[in-house]
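# Fold and geometry: a report
What follows is each chain in one-letter form.
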Amino acid sequence: MASIKIVLRKNMIRKDGSIPLALRISENYKTNYKWLGQYVFEKDWDKVIGKVKSSHPNHHKLNNFLRKKLTEANDVYFDSKDESITPKQVKLKLKGPDGSKSFFALAAERAMSKYDRGIFSVAKSELSILYNIEEFLKLKSSSPKNEVIEAIKKRRRDRVGRAKKAQFTFLDGINHFKKSNTLKFRDIDQTFIERYKTFCSTYLNQKSRTITNQLIFIRTLFNIAIKDGVVDIKYYPFAGDKEKIRIGSGNKIGLNSKEIERIEKMDLPPGTTIWHAHNAWLISFYFAGMRISDVVQLKWSDFKDGRLFYVMNKNKKPLSLKIPDKAYKILNNYKKDSANCNGYVFPFLQEVDSQNKEEVFVKTRNASKLFNIYLKRIAKQCDINKNLSNHIARHSFGNIAGDRIHPLMLQKLYRHSDLKTTLNYQANFIHRDADEALDNVVNF
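Described in the following lines is the structure provided in the data block. (Residues numbered from 1 in each chain as written. Predicted model: local features only at pLDDT ≥ 70, side-chain atom pairs only at ≥ 80, totals over all residues. Heavy atoms only, no water.)

### Here's the deal with the sheet that holds strand E6 (residues 303-304)
Defined as follows: At least two bridges found by DSSP between two strands are what make those strands a pair. Going along the chain from the N terminus, every DSSP run of H or I of four or more residues is numbered as a helix, and every run of E of two or more is numbered as a strand.
Across the sheet, which stays open at both edges, the three strands sit in the order E6-E7-E8 with antiparallel pairing between neighbours. Every other strand in the sheet has two partners, leaving E6 and strand E8 (318-322) as the edge strands with one partner each. Judged from the five bridges that link them, strand E7 (residues 307-311) and E8 form a sheet pairing that is antiparallel. Each bridged residue has a counterpart across the sheet, and for valine 311 the counterpart in E8 is proline 318.

### Remarks on the sheet that holds strand E3 (residues 30-40)
For the record, the criterion: Every axis corresponds to a line fitted to the C-alpha atoms, with the helix fit spanning only the stretch in contact, and the corresponding angles, defined between N-to-C directions, vary from 0 to 180 degrees.
If you walk across this open sheet you meet the three strands as E1-E2-E3, and the pairing is antiparallel. Of all the strands in the sheet, just strand E1 (3-8) and E3 have a single pairing partner and so form its edges. In this sheet, adjacent strand axes meet at a mean angle of 20 degrees when their direction is disregarded. One ladder, built from eight bridges, connects strand E2 (residues 19-27) with E3; its direction is antiparallel. The partner of alanine 22 across the bridge, within E3, is tryptophan 35.

### Some remarks on the nonpolar core
Stated precisely, the cut-off is as follows: To form a nonpolar core, buried Ala, Val, Leu, Ile, Met, Phe, Trp, Tyr and Cys residues must be joined to one another through side-chain atoms within 4.5 Å. Buried residues are those whose accessible area, probed at 1.4 Å on protein chains only, stays under 20% of the maximum for their type, while exposed residues exceed 50% and partly exposed ones sit between those limits. The contact criterion used throughout is that any non-hydrogen atoms of two residues lie within 4.5 Å.
Core analysis: the largest hydrophobic core is formed by 51 residues, its most contacted members being Ile263, Trp281, Ile283, Phe287, Phe303 and Leu388. Where this core is concerned, the elements lending two or more residues are helix H9 (257-264), helix H10 (273-286), helix H11 (292-296), E7, E8, helix H12 (325-335), helix H13 (357-381) and helix H14 (392-401). It is H10 that contributes the most residues to this core, nine residues altogether. Setting aside chain neighbours within four positions, we find phenylalanine 303 in contact with Phe287, Leu298, Leu308, Ile323, Leu331 and Val345. Formed by 47 residues, the second largest nonpolar core is a distinct cluster that contains Leu106, Phe185, Val231 and Phe238.

### Things to note about the packing of aromatic side chains
We count it as follows: Ring geometry is summarised as follows: Phe, Tyr and Trp rings, the Trp one being its six-membered ring, pair when their centres sit within 6.5 Å, and such pairs are stacked at plane angles under 30 degrees, edge-to-face over 60 and tilted between the two. The rule is short: NZ of Lys or CZ of Arg within 6 Å of the ring centre and within 35 degrees of the ring normal puts a charge over the ring.
Here the structure, examined in full by the defined rule, presents 22 aromatic pairs. Taken together through their ring pairs, the aromatic side chains of Phe103, Phe104, Tyr131, Phe177, Phe185, Phe222, Tyr236 and Phe238 make up a single cluster. Positioned above the aromatic ring of tyrosine 131 is the side chain of arginine 159, whose terminal nitrogen or guanidinium carbon lies 3.7 Å from the ring centre. Sitting over the ring of tyrosine 344, lysine 299 keeps its end group 4.9 Å from the ring centre.

### Some details on the packing of helix H4 (residues 120-138) against helix H5 (residues 145-164)
Just so we agree on the cut-off: Handedness of a crossing follows from how the near helix is turned relative to the far one, being left-handed for an anticlockwise turn of less than a right angle and right-handed for a clockwise one. When residue character is reported, Ala, Val, Leu, Ile, Met, Phe, Trp, Tyr, Cys and Pro are called nonpolar, Asp, Glu, Lys and Arg charged, and the others, Gly included, polar.
With their axes 11 Å apart at the nearest point, H4 and H5 run at an angle of 145 degrees to one another. When the axes of H4 and H5 are compared, the crossing they make is right-handed. When H4 is examined against H5, the residues Tyr131, Asn132, Glu135 and Lys138 are found in contact with a partner set consisting of Ile152, Arg155, Arg156 and Arg159. Per-class residue counts for the contact of H4 with H5 are two nonpolar, one polar and five charged.

### Structural notes on the pattern of salt bridges
Let me state the cut-off plainly: By salt bridge we mean one thing: a side-chain nitrogen of Lys or Arg within 4 Å of a carboxyl oxygen of Asp or Glu.
Considering all chains together, one arrives at 10 salt bridges under this definition. Among the salt bridges present, the one from glutamate 126 reaches arginine 110, with a minimum N-O distance of 2.9 Å. Of this pair, glutamate 126 sits in helix H4 while arginine 110 sits in helix H3 (residues 103-116), placing them 16 residues apart in sequence. A salt bridge links glutamate 358 to lysine 124; the shortest N-O distance between them is 3.4 Å. Taken together, the positions of glutamate 358 in helix H13 and lysine 124 in helix H4 put the pair 234 residues apart, joining distant regions of the chain.

### A word on the side chain of arginine 159
Note the threshold: We count Lys and Arg on the positive side and Asp and Glu on the negative side, and we leave His and both chain ends out.
In this structure, arginine 159 sits in helix H5. The buried charged residue arginine 159 lacks any salt bridge, with glutamate 135 as its nearest oppositely charged partner at 4.5 Å. Sequence-distant contacts of arginine 159, that is, excluding residues within four places in its chain, are made with Tyr131 and Phe168.

In structure tokens, the structure reads:
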């Protein structure tokens, strides 16, 4: 249980000898102080009962004020629906959240926490969102559109260039936003969001789903800020009739079995990058649309007794799958070089320190980008008119599975937490009922 008490902060004594009064909120060895704006001399303070002595000329008024503040603090703590409320949150709630806290500072703290936990993809995408918002704040609508777009691209290229030369790091970006006070929570209202959506579409050329992801990030930050007492709920721009975040469900298009066969039959020079990209994509498909980042990080130790045992990076779910004969054929091509690849199946992480999670993430991301480039060439050579990418291996598995595999089994193969997610995903590839219904009307 928290201890809430009014105390003298003797270490903050003023030149005239007066000492500030503060609310001390302590629990589980964590303590926060909220200044009360009142000063008394030590001789006028009764530290046992926490009151001003009668020797103080305004002891009646001052004690009434202190009693009121003490009651407010206890009310905030004990009336809170959140049993895990911390002394810091109590302090912030008492402070009277007015939305003046820096949005960038809180967002940078969140991104940094993701980074510290090794969730690099999320941390870096959130930092990218902050740069997008910063670009929006810099926008001068009177400037020619082409000039604005080129200036944004140049700043982005400069950041990437300096990062490649180790002249600019993720932490530099975090520190930049931690110090920024250019955007307050109360500034982010419905009008701000509408203008930001237009900016993302017009100047950043972003698709609706990318824009939606950024709105979800802003909403998440607001929810955290409200919970922590940083901002009052009245400033929340997503409540009631305000901004509604709608997640669209675009068509997911996968390859069919004949297109898969054309890829399988390709004769590519062994050891080349296009050969590796081809093999990695097929391994992804053979293991039920395994994410390409997991494919790149496959180790020989993940294979035991004719099965693959691995933990999905995205949600940390374990899975065991039989190794299909077609997958065996590809894996055998890499077996002879296993001693030179640092334990990995594919050679892209052979020089990486496997204990350095950030280095593994960067090299994996670079390999994935390289694969996507070569997959476009593979599609052209195989006369495939669909957008062949790393992720389409997952869609292709779903497309061929159709309604032939029970949803519960597909849920296991996809590593979905909720069966509803599987049903919604697979609905993209089940067309028989709709096709038959259409035929019944059209072909009368």
